[in-house]
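For reference, the chains in residue letters:
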Amino acid sequence: MTNSAISERDLRARQRYDRKEISVAYLFLLPLLVGIIIFFIVPIVETFYYSFTSWKGVGVAKWTGIANYIKMFSKDKKFGLEISNTFAFVFGSVPLTLMIAIVIASMMNARIKAVGFFRVIYFLPNVTMVAVVVMIWRWLLNSEYGIVDLALNSLFGIRPAWMSDTNLTMLSMCLISVWSGVGYCIVILLSGLQSISPTYYEAATIDGANGIQQFFKITLPLVTPTLFFLLVTRVIGAFNQFDMVYLMADNASSGAVGPVVNSLRTLVFGVYQSAFADMQMGYACAKAVFLFFVILVVTVVQMIGEKRWVNY
Amino acid sequence: MKKMIGLVLALVMVLSCTSFAMADDAVTLRFWMWDDAQVPAIQAMADEYTAAHPNVKIEISCQADVSGLNQKIQATIGTTDAPEIFFINYNLAAEYIPLGIVADLSSYEIDQSELASGIVNAYTVDDKVYAVAKDTDSYAVFYNKSLFDAAGVAYPENDWTIEDFCETAKNLTSDGVVGWTNSGSDRVYYNFIYSNGGEIYSADGTASAINTPEAAEPIQALMNLVSEGYAYTGPQLSEVSDTTAFTSGIAAMTINGSWMISQYATALGDNLGIVELPSGKAGKFSSNHGIGYATTAANEHMDETVDFLRYLATYEAQVKQIEVVIPANLTCASDWENVYPNVNVGAFMNALSYGRGYLSTVNATLARTAYQETLASLRNGDFATAEEFCAAAEQAVNDALAE
């Protein structure tokens, strides 16, 4: 009886203490929370609201129910393009980036000379602004005076129009994205690789496993947590890629419309076009809401899939 | 220590009071515009005005293009961050005025009698004036004299026809030189269609009217130029812009607006020739446009703004922009001719007399985008015949108008 009374009092004291501690903790979190609420939560809620209106971005928003969503799925031909382009970009850039990154990262993890030099070289594209990267690639790939064109033309006699042939534009964008994204993935993967204990490799070598076997049986399984992190963040990043699309599609002589733009038009770019070029902010919000749910679903699927292939 | 803090606080209070008092004295008018090339002219106007009105400060903020300005306006309109004065064009006017965010200037007696009536009328809706006309523009054909000489082709005359234009482009094309750059601008195509008796919109501006033989005929002529290699295709145009091709001497002719004259004159010097647009069955037409100065309905400094707008309508203000655009004040438009004595800028002045509006009365942005998009597909080679293009354009535009 006495014992339980004491423990109850103890418990209550602890709870009181905890509650006090919690409120102090919230106080410390407040500056960040206020920022997040004002700059993220409120705009997100507003986006949901405006997606049900015919708001033009200026003036009064008129409630139109689900008209924007009906238009999106039944009338707007470009919306289908936006979805397929978005997935083409995600599947065309992220897996290739990760594959190349893991190969290069494991090579750099080996004891080779001047490894620091290579790390810097591979990381350099990542510290360069996307705008600069795209502008330089646009020059390199220009089919009239680009250096890539010059090389391909003199070596193989072909002149692919990387930037204006609508069959090639998406491929060009994926390649540029891979080129500029690999460096970041290498650095993250290297840190993952360095946490793998060398004893595994020693044991495997004694057992007669060669380098390729070691890579697939030891390196790859043990680096999966890092790979998973990269996969989730890169996929979200690719879904939200805007600057690259904008700069690739931007064409002073034809404005932001036409077949070339349509071949690159991703969901995020579609949101931008609807909002600021077509003056249909409400419709743009509806697209943004759709994109939000696409990314949500894809990420949840990845989280579920995590248990199947990620070893902690 | 406490005394120190008290002293500091008191000092801060006094200082902030004085800064409030100062803020009350001078009214700051925020002036938003686009096009960097025009900043010096606008700055000169602002300087002249503020020298005479020391109680007014003018803060100029320039965006790269009209969509940049549009984004900023969308983000700030209705808030205290909205500009007091901003550039408005036909497209923005068509979108903004019905929303009631552009101030009606009718009651303020701003004298615009000296300004081009076409531009003033474009910003007048239901007898209410929403902007002060700033400038005007028109189209003409720019050509490179040295490429004409090299090909042994005579310089074009103002009375040439669309057939002559196509023939000239053909004769100028040789290895490494293309006759016509083609154009990414919808207005260039409208000029050809109007000249041949075709229409872009129905008379009341609520439906597309492009699906006619009159519109298809000149389009077919331009399509032939492209397919025979005398003009750039869409993909070529997007790899090398029309301006790059023309200024670097690999294209003999380009059709563009009066605002390009300073850039082309700088690049080509004495080799630059300008000739009026070729005429068709119905004569000559140049799709006409002009920027206006507008203010917002929620402007808190309306009196100061209106006074500045009155100044902007005067000859003294208008004449400051003659090196970059044709001022809306037609008296100083003749001064504009004197800025480029060696080229035939008269072609642009003449074109003002056959100017035409080119926007729909409803959903102007969407409908125009639909035209631009179909034209881009045309340049891309997506249509076998001009009739196909006209039918597709009509469909796309009518869909946009029905939104």
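Residues numbered from 1 in each chain as written. Chains lettered and ligands numbered in written order. Predicted model: local features only at pLDDT ≥ 70, side-chain atom pairs only at ≥ 80, totals over all residues. Heavy atoms only, no water.

Once that is clear, we can look at the overall build of chain A. The number of helices and strands found in chain A is 14 helices and zero strands. Listing the helices and strands of chain A from first to last along the sequence gives α-α-α-α-α-α-α-α-α-α-α-α-α-α. Taken over the C-alpha trace, chain A has a radius of gyration of 26 Å; the compact-globule value for 312 residues is 20 Å, which it surpasses by more than 25%. A buried classification covers 41% of the 312 residues belonging to chain A. Here the contacts in chain A between residues at least 6 apart in sequence split such that 68% fall between residues at least 24 apart. Accessible area for chain A stands at about 17,800 Å²; split by element, carbon and sulfur atoms hold 70% of it. In chain A, the 23 positive side-chain charges and the 16 negative ones have mean positions that sit 4 Å from each other. (Helix = DSSP H or I, 4+ residues; strand = E, 2+ residues; numbered from the N terminus. Rg over C-alpha atoms; globule rule 2.2 N^0.38 Å. Buried < 20%, exposed > 50% of the residue type's maximum accessible area, 1.4 Å probe, protein only. Contact = heavy atoms within 4.5 Å. Areas by Shrake-Rupley, 256 points an atom, 1.4 Å probe, with all protein chains shown as cover. Lys, Arg positive; Asp, Glu negative; His and termini not counted. Charge placed at Lys NZ, Arg CZ, Asp CG, Glu CD.)

Below, the discussion takes up the pattern of salt bridges. Residue and element names in this part refer to chain A. One pass over the structure, following the stated rule, counts 14 salt bridges over all chains. The salt bridge involving glutamate 82 is made with arginine 265; its shortest N-O contact spans 2.6 Å. With a gap of 183 residues between them, glutamate 82 in helix H3 (residues 77–109) and arginine 265 in the loop between helix H12 (259–264) and helix H13 (267–277) connect regions that are remote in the sequence. Classification of arginine 265 as buried rests on a relative accessible area of 4%. The shortest N-O distance in the salt bridge between aspartate 149 and arginine 159 comes to 2.8 Å. (Salt bridge = Lys/Arg side-chain N within 4 Å of Asp/Glu carboxyl O.)

Residue and element names in this part refer to chain B. Most of strand S8 (residues 139–144) sits inside the fold, with six of its six residues counted as buried. Bridge count for S8 against strand S10 (residues 251–257) is five bridges, and the pairing is antiparallel. What sits directly across from valine 141, in S10, is isoleucine 255. Two strands pair when backbone bridges link them, and S8 and strand S11 (residues 272–275) are joined in this way by four bridges, in the antiparallel orientation. Considered in S11, the bridge of valine 141 is made with valine 275. (Pairing = 2+ DSSP bridges.)

With that settled, the discussion passes to the pairing of strand S2 (residues 56–63) of chain B. All names here are of chain B. Pairing of strand S1 (residues 27–34) with S2 involves eight bridges; the strand directions are parallel. Bridged to methionine 33 within S2 is cysteine 62. For the crossover that starts at S1, traverses helix H2 (residues 39–52) and ends in the parallel S2, the hand is right-handed. (Right-handed = clockwise from strand over helix to strand, strands pointing away.)

To continue, consider the sheet that holds strand S13 (residues 292–294) of chain B. Residues and elements named next belong to chain B. The five strands lie next to each other as S2-S1-S3-S13-S6, forming an open sheet whose pairing is mixed. Each end of this open sheet is capped by a strand with a single partner; those strands are S2 and strand S6 (132–133). Judged from the two bridges that link them, S1 and strand S3 (residues 85–88) form a sheet pairing that is parallel. Looking at the pairing, phenylalanine 31 lines up with isoleucine 85 of S3. Its contacts with the sheet place H2 against S1, S2, S3 and S13, and it is angled at close to 170 degrees to S2. (Axes fitted to C-alpha atoms, helices over the stretch in contact; angles between N-to-C directions.)

Residues and elements named next belong to chain A. Along the chain, alanine 61 turns up in the loop between helix H1 (2–50) and helix H2 (67–75). The class for alanine 61 is partly exposed, based on a relative accessible area of 22%. Through-space distance from the C-alpha of alanine 61 to that of leucine 230 is 40 Å; in sequence the pair is 169 residues apart. When near neighbours in sequence (up to four residues on either side) are disregarded, alanine 61 contacts Tyr50, Thr53 and Trp55.

A few words on the confidence of the model for chain B. Residues and elements named next belong to chain B. In the predicted model, chain B carries a mean pLDDT of 89, and the fraction of residues at 70 or more is 94%. The low-confidence segment residues 17–23 (pLDDT under 50) makes zero contacts with residues lying over four places distant or belonging to another chain. Confidence estimates for the predicted assembly give a pTM of 0.80 and an ipTM of 0.72. (pLDDT = per-residue confidence, 0-100.)

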